[in-house]
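Fold and contact review
Letter by letter, the chains look like this.
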Amino acid sequence: MQPFALNYARPAATLEATTPYVYDSGLQLNVLMDGRVAARDHALMRELGTTTSTAGSKTHFDD
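Residues numbered from 1 in each chain as written. Predicted model: local features only at pLDDT ≥ 70, side-chain atom pairs only at ≥ 80, totals over all residues. Heavy atoms only, no water.

As for the pairing of strand β1 (residues 21-24)
Put simply, the test is: Two strands form a pair only when DSSP identifies at least two bridges running between them. For helices the rule is a DSSP run of H or I covering at least 4 residues; for strands it is a run of E covering at least 2, with both sets numbered from the N terminus onward.
As paired strands, β1 and strand β2 (residues 29-32) are joined by four bridges and run antiparallel to one another. Looking at β2, one finds that Asp24 is bridged to Leu29. Taking the residues between adjacent antiparallel strands as the criterion, β1 and β2 are bridged by four residues, where Gln28 takes a positive phi near 60 degrees.

What to know about the confidence of the model for the protein chain
For clarity, the cut-off: How sure the predictor is of each residue is captured by pLDDT, a score from 0 to 100.
On average, residues of the protein chain carry a pLDDT of 76, and 70% of them reach 70 or more. The spread of mean pLDDT over the elements of the protein chain runs between helix α2 (residues 55-59), the lowest at 55, and β2, the highest at 91.

Some points on the pattern of salt bridges
Counted only if it meets this: A pair is scored as a salt bridge if a Lys or Arg side-chain nitrogen falls within 4 Å of a carboxyl oxygen belonging to Asp or Glu. Accessible area is worked out with a 1.4 Å probe on protein chains only. A residue is then buried under 20% of its type maximum, exposed over 50%, and partly exposed in between.
A complete count under the given rule lists two salt bridges for this structure. The shortest N-O distance in the salt bridge between Arg36 and Asp34 comes to 2.8 Å. Overall, the relative accessible area of 45% leaves Arg36 in the partly exposed class. Of the residues examined, Asp34 reaches a relative accessible area of 53% and is grouped as exposed. Across the pair Arg36 and Asp41 runs a salt bridge, and its minimum N-O distance is 3.5 Å. Judged by relative accessible area, Asp41 falls into the buried class, the value being 16%. A cluster of three or more residues bridged by salt bridges with shared partners is formed by Asp34, Arg36 and Asp41.

Here we look at the environment of Tyr21
Relative to the helices and strands, Tyr21 is located in strand β1. Look at Tyr21 and you get buried, because its relative accessible area is 8%. Considered as a pair, Tyr21 and Ala38 are 17 residues apart in the sequence and their alpha carbons are 6.5 Å apart.

Right under this line is the structure:
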């Protein structure tokens, strides 16, 4: 017998997204491709709402 939910479950669609910034481990900040700090780019913040990185989860086990 197959569970009811499996009749309707679909794999999640994979979305390809690119971020206009990368994490700089020396600065411990997200930086734009031209070297500016991403959090200081007000237009980027309005468009994306936030920048995220995995730095906290790599350095803090209580996150």
